[in-house]
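# Secondary and tertiary structure notes
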Amino acid sequence: MMQAWTHPACLAHDTGPGHAERPERLRAVLDALHAAFPSLHWHEAPRATRGQLLRVHTPELLSTVLDTHSPVRVQLDPDTVLSPASAEAALRAAGAVVAATDAALHGTALRAFCATRPPGHHATGDVAMGFCLFNGVAVAAAHALEHGHLARVAIVDFDVHHGNGTQAIFEHDPRVLYLSSHQSPLYPDTGHADERGDGNVFNAPLRPGSGSDAFRAAWRERLLPALDDFRPQLLFVSAGFDAHWRDPLAQLQLQAGDYAWLTRELLAIADRHAGGRVVSVLEGGYDLQALGECSVAHVAALSGLAPA
Ligand SMILES: [Zn+2]
């Protein structure tokens, strides 16, 4: 059974006028999912705890995000903003993935989608960057390993940007497989094919304009076989929809159907090795129409529900 997590605090993270990572993104995803799947069961995300965050983040990063308490917006870097409501949003966004992971491990929700912001996959152990404050998928993967006592978890990242933070956190942890397709060149300029970690990292950089055929070939020929060989006991998805052709930040020219195709391929592998357990998390995606269409395509494939 599929369930979903979100929290109203994620809409209050205020990045300021003209910022691409804006509350309307999450509103578009929530509106599209509510309209397409009226029977989908939603949960309010809890806050991640300090102990959960400290499995992957430094005390200094927690202090920056949680203890700034500035009455005005603070720029952590040219892209990354901390508003008065951002600490609560960051705690709920990371907490959503942890709660979804617990539900998957306990068998109450085999598959989950976390509709949250800020995104997470650029946040490293000690640096908030690229619109990301805490790395929710990394926090939840560490939780699955340590609290859930799993031996092998995989993180699949199809956001159009490379998840440098996730890779940096786990590249020397053989219990975690990290797989990413992304546009190159593009921010953050990491994710070259020869970045292999300890053999547990697979990157498939794609040239601007690559399109559906190149995207599907990279997954079919390189990334999906590596995932199948790894036999993950739980599968995480960093689900960014900014590789869609409408997206203003990248040029990868995907269609919503490409996300449905990849999601079905991932489910087949999760069914073989992970008891069907998949925890998916919204990352990027900056065109509101594409965000709605792609999240519906992704959740339809994950849930087996036909969109209304
Ligand atoms: Zn992105």
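Residues numbered from 1 in each chain as written. Predicted model: local features only at pLDDT ≥ 70, side-chain atom pairs only at ≥ 80, totals over all residues. Heavy atoms only, no water.

## Things to note about the pairing of strand β9 (residues 234–239)
For clarity, the cut-off: Throughout, exposure labels follow a simple rule: accessible area from a 1.4 Å probe, protein chains only, divided by the maximum for the residue type, with under 20% read as buried, over 50% as exposed, and the rest as partly exposed. The secondary structure listing takes helices from DSSP runs of H or I that are at least 4 residues long and strands from runs of E that are at least 2 residues long, numbered from the N terminus. Note on pairing: two strands pair once DSSP finds at least 2 bridges between them.
When you tally the buried positions in β9, you get six out of six residues, the bulk of the element. Burial along β9 is two-sided: the face carrying L234, F236 and S238 and the face carrying L235, V237 and A239 are both buried. Bridging between β9 and strand β10 (residues 278–282) involves five bridges; their strand directions are parallel. Residue pairing across strands places V237 opposite S280, the latter belonging to β10.

## Focus on the coordination of the zinc ion
As a reminder, the rule being used: Metal donors: N, O and S atoms at distances within 2.8 Å, or within 3.2 Å for Na, K and Ca, with water omitted from the atom set so that some sites may seem incomplete. Here the metal geometry follows the donor angles, with tetrahedral for four donors whose angles all fall between 85 and 135 degrees, square planar for four and octahedral for six when opposite donors are more than 155 degrees apart and every other angle is between 65 and 115, and irregular for all the rest.
The zinc ion binds to the protein through D159 (OD), D159 (OD), H161 (ND1) and D242 (OD), with metal-donor distances spanning 2.0 to 2.8 Å. What the four donor atoms of the zinc ion show is an angle range of 52 to 155 degrees at the metal, which sorts the shape as irregular. Within one chain, the residues serving as donors to the zinc ion are arranged as D-x1-H-x80-D. Pair noted here: D159 is in the loop between β6 (153–157) and α7 (164–170) and D242 is in the loop between β9 and α9 (256–273), with a separation of 83 residues, a long-range link. Residue classification places D159 among the buried positions, given a relative accessible area of 1%.

## Notes on the pattern of salt bridges
Condition: Salt bridges are defined as contacts in which a side-chain nitrogen from Lys or Arg sits within 4 Å of a carboxyl oxygen from Asp or Glu.
Taken as a whole and assessed by the stated rule, the structure comprises 10 salt bridges. Notably, a salt bridge pairs E88 with R47, separated by 3.0 Å at the nearest N-O pair. Placement of the pair is E88 in helix α5 (residues 86–106) and R47 in the loop between β2 (41–44) and α3 (50–54), with a sequence separation of 41 residues. Residue R47 is classed as partly exposed on the basis of its relative accessible area of 45%. Two residues, E146 and R55, come together in a salt bridge whose shortest N-O distance is 3.5 Å. Residue E146 is found in helix α6 (residues 136–146), and its partner R55 is found in the loop between α3 and α4 (59–66); the two are separated by 91 residues along the sequence.

## Notes on the side chain of H7
Basically, it comes down to this: Polar contacts here mean pairs of N or O atoms no more than 3.5 Å apart (in protein, one a potential hydrogen donor and the other a potential acceptor; neighbouring residues in sequence count only if both atoms are side-chain atoms).
Inspection of the secondary structure puts H7 in the loop between β1 (2–6) and α1 (9–12). In this structure the side chain of H7 is engaged in a polar contact, spanning 3.5 Å, whose partner is the side chain of R92.

## Some remarks on the sheet that holds β2
Either a parallel or an antiparallel arrangement is found when strands of a sheet pair, and the pairing is made through backbone hydrogen bonds. Formally: Here, axes are lines fitted to C-alpha atoms. For helices the fit covers the stretch in contact, and angles between N-to-C directions go from 0 to 180 degrees.
Taken together, the eight strands give an open sheet; going across it, the order is β2-β1-β5-β10-β9-β6-β7-β8, and neighbouring strands pair in parallel fashion. Bordering the open sheet on either side are β2 and β8 (201–206), each of which pairs with just one other strand. Ignoring strand direction, the axes of neighbouring strands in this sheet form an average angle of 15 degrees.

## Let's talk about helix α8 (residues 211–230)
Since one α-helical turn is 3.6 residues long, residues separated by three or four positions face the same way. Applicable threshold: To estimate the expected span of a helix, subtract one from its residue number and multiply by 1.5 Å. Here the bend at a residue means the angle between the axes of two seven-residue stretches, the one that ends at it and the one that starts at it. The contact criterion used throughout is that any non-hydrogen atoms of two residues lie within 4.5 Å.
Here α8 contains 20 residues, and its C-alpha end-to-end distance of 27 Å stays within 8% of the 28 Å for a straight helix at 1.5 Å per residue. Of all bends in α8, the biggest is about 40 degrees, found at R220. Within α8, the full set of buried residues consists of G211, S212, F215, A217, A218, W219, L223, L224, A226, L227 and F230. Of the surrounding elements, those touching the buried residues of α8 are β6, β7 (176–183), β8, β9 and α9. Downstream of α8 by a residue or two, R231 has a phi angle that is positive, lying close to 55 degrees.

By themselves these figures say nothing about function.
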